[in-house]
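# Residue-level structural notes
Here's the letter readout for the chains.
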Amino acid sequence: MNKKLPIRCPSCESFLKVKQLQCDKCETEVSGLYSLPIISQLSIDDQKFILDFAKASGSLKIMAQNMNLSYPTVRNKLDEIINSINTLETNED
Amino acid sequence: MKINYLYAPFTRIAGLKSLLIGLIGLFITAYLAFLTGTHLNGLLNLDFAKDADFVFYLLENLINWVSISVFLFLSGLLLSKSRIRIIDIFGTSVLSRLPLIIAPLIRSFPFLQSFVFQSWKMYLIIVFYLVSVIWTIILLFNGFRISCNLKNERLIISFIISILFSEIVTRMVIYLLIFKT
C-alpha cells in the first residue's frame, strides 16, 4: 500500500512539520523540528505534474502530447502550481 | 479530466489543430452562405440576399473572425499574467465559429431556400441562427478563458467588451468594403 504523507494537521488544518527521522539501516534517530519541503506540501497531482514536467525537459508541448490535453490547458495548470508555490513561500516567510 | 466537446473542446484542442479545423469549417460555412445567399456579416447580424460573389461571403466571415480574435488577443495581453499564444486565440475563435454553419445549412433545404418576409420559415431560420450564435458565444468564451487563463470579472468584462468592439469593427469594415466595390 502506498501511504500518503500527511501534510496538514487533522485537528487544526495547519501545516505539519517533521519531528523525527530514522535511518532504515542502523536505526539511528534524528529529532528536531523541520518544515516539509514546499514540493511535498503540494497536492499529489501537482507533485506528479512537476515530476512529469521535469521528465519532459520542461517542455509544455511534450507535456500536452503526453497528457492528451491542449497546450494552454497544460500551461494554465503550470500557472496554478506556480501560484500555489508562491502562496506557500509567502506563508513560510 | 472530463471534457465536453460540445461547448468546451479547447481543453483538448487548441493552437494549430483548432486553427486548421476551424478554417476548413469557415470556408465551408462561407461557401454554403454564398450558395444560399446568407450574409453572416457579424456575429449578431444575419441578412438574406444573393447579391455578391463567393469572395464577399468569405470576407464577411474572415473579417469577423480576425476582428474578434484581435480584440480577444489584446484583452489577453492587457489582463492575463500567463504567457498567452496568438495561435491559441485565433485557433479557438475560428473553431468556435463552426455552429454558424447551421443557418446557411438549413437554408440549403429546398423548402427554406425562398420565403416571404416575416413568415414562419423566416422565423424558423432566425431561431436556428440564434441557437448557433449562442453556441458560438459559449465556445468563444471558453476558448478565450482557456487561451488567456483569465477568471471571474476580468474574464467576463473583457470578453463582452471584445465582442462588442469586434462587432463594431466588423460592420465598419464590411460597409467600407461594400462602398468600395
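Before going into details, it helps to say that this report is about the structure given with it. (Residues numbered from 1 in each chain as written. Chains lettered and ligands numbered in written order. Predicted model: local features only at pLDDT ≥ 70, side-chain atom pairs only at ≥ 80, totals over all residues. Heavy atoms only, no water.)

In terms of helices and strands, chain A carries four helices and two strands. Counting helices and strands in the order they occur from the N terminus, chain A gives β-β-α-α-α-α. The C-alpha atoms of chain A give 17 Å as radius of gyration, which overshoots the globular expectation for 93 residues (12 Å, by more than 25%). Overall, chain A is about 45 × 30 × 25 Å in size when its C-alpha atoms are taken along their principal axes. Sequence-distant contacts, at least 24 apart, represent 38% of the contacts inside chain A between residues at least 6 apart. Of the roughly 6900 Å² of accessible surface on chain A, a fraction of 52% belongs to carbon and sulfur atoms. (Helix = DSSP H or I, 4+ residues; strand = E, 2+ residues; numbered from the N terminus. Rg over C-alpha atoms; globule rule 2.2 N^0.38 Å. Contact = heavy atoms within 4.5 Å. Areas by Shrake-Rupley, 256 points an atom, 1.4 Å probe, with all protein chains shown as cover.)

All names here are of chain B. Inspection of the secondary structure puts P9 in the segment before α1 (15-36). Note on P9: relative accessible area 7%, which makes it buried. Separated by 130 residues in the primary sequence, P9 and L139 have C-alpha atoms spaced 8.2 Å apart. Non-local contacts of P9, meaning those with residues more than four positions away in its chain, are made with N4 and L139. (Buried < 20%, exposed > 50% of the residue type's maximum accessible area, 1.4 Å probe, protein only.)

Okay, the packing of aromatic side chains next. The full count for this structure, using the stated rule, is nine aromatic pairs over all chains. With a centroid separation of 6.2 Å and 20° between ring planes, the pair formed by A:F49 and A:F53 is classed as stacked. Of the two residues, A:F49 and A:F53 are both situated in helix α2 (residues 44-55); the distance of four residues between them amounts to about one turn of the helix. Both residues of the pair, A:F49 and A:F53, count as buried. Between B:F71 and B:F165 the ring centres are 5.8 Å apart and the planes differ by 20°, which places this aromatic pair in the stacked class. Here B:F71 is found in helix α2 (residues 54-79), whereas its partner B:F165 is found in helix α6 (residues 152-180), with 94 residues between them in sequence. Here a set of aromatic residues connected by ring pairs shows up, and it is made of B:Y31, B:F34, B:F54 and B:Y57. (Phe/Tyr/Trp six-rings, centres within 6.5 Å; stacked < 30°, edge-to-face > 60°.)

Another aspect to go through is the nonpolar core. Side chains of a nonpolar character, in soluble globular proteins, are inclined to be buried together. In this structure, B:L72, B:Y129, B:L140 and B:F144 are the most contacted members of the largest nonpolar core, which totals 23 residues. Among the secondary structure elements, those contributing two or more residues to this core are α2, α4 (102-107), α5 (120-148) and α6 of chain B. When residues of this core are assigned to their parent elements, the largest contribution, six residues, is made by α5(B). Counting 13 residues, the second-largest nonpolar core is a separate cluster that includes A:L42, A:F49, A:A56 and A:V74. (Core = buried A, V, L, I, M, F, W, Y, C linked by side-chain atoms within 4.5 Å.)

The full count for this structure, using the stated rule, is zero disulfides over all chains. The structure places no disulfide on A:C12, whose sulfur is separated from the nearest cysteine sulfur, that of A:C9, by 3.7 Å. (Disulfide = S-S within 2.5 Å.)

Our focus in this paragraph is the interface of chain A and chain B. Contact residues are listed per partner, giving 10 residues for chain A and 17 residues for chain B. Roughly 990 Å² of surface becomes buried between chain A and chain B when both sides are summed, with 48% attributable to carbon and sulfur atoms. Where chain A packs against chain B, one counts zero salt bridges. Our count for the chain A to chain B interface comes out at 10 residue pairs in polar contact (both at pLDDT 80 or more). Among the elements that make up the side of chain A that touches chain B, the one with the highest residue count is helix α4 (residues 71-92) of chain A (six residues). In the side of chain A that touches chain B, the residues fall into three nonpolar, four polar and three charged. (Buried area = accessible area lost by both parts, 1.4 Å probe. Salt bridge = Lys/Arg side-chain N within 4 Å of Asp/Glu carboxyl O. Polar contact = N/O pair within 3.5 Å; in protein donor to acceptor, adjacent residues only side chain to side chain. Nonpolar A, V, L, I, M, F, W, Y, C, P; charged D, E, K, R; others polar.)

Without other data, these values stay purely geometric and don't point to any function.
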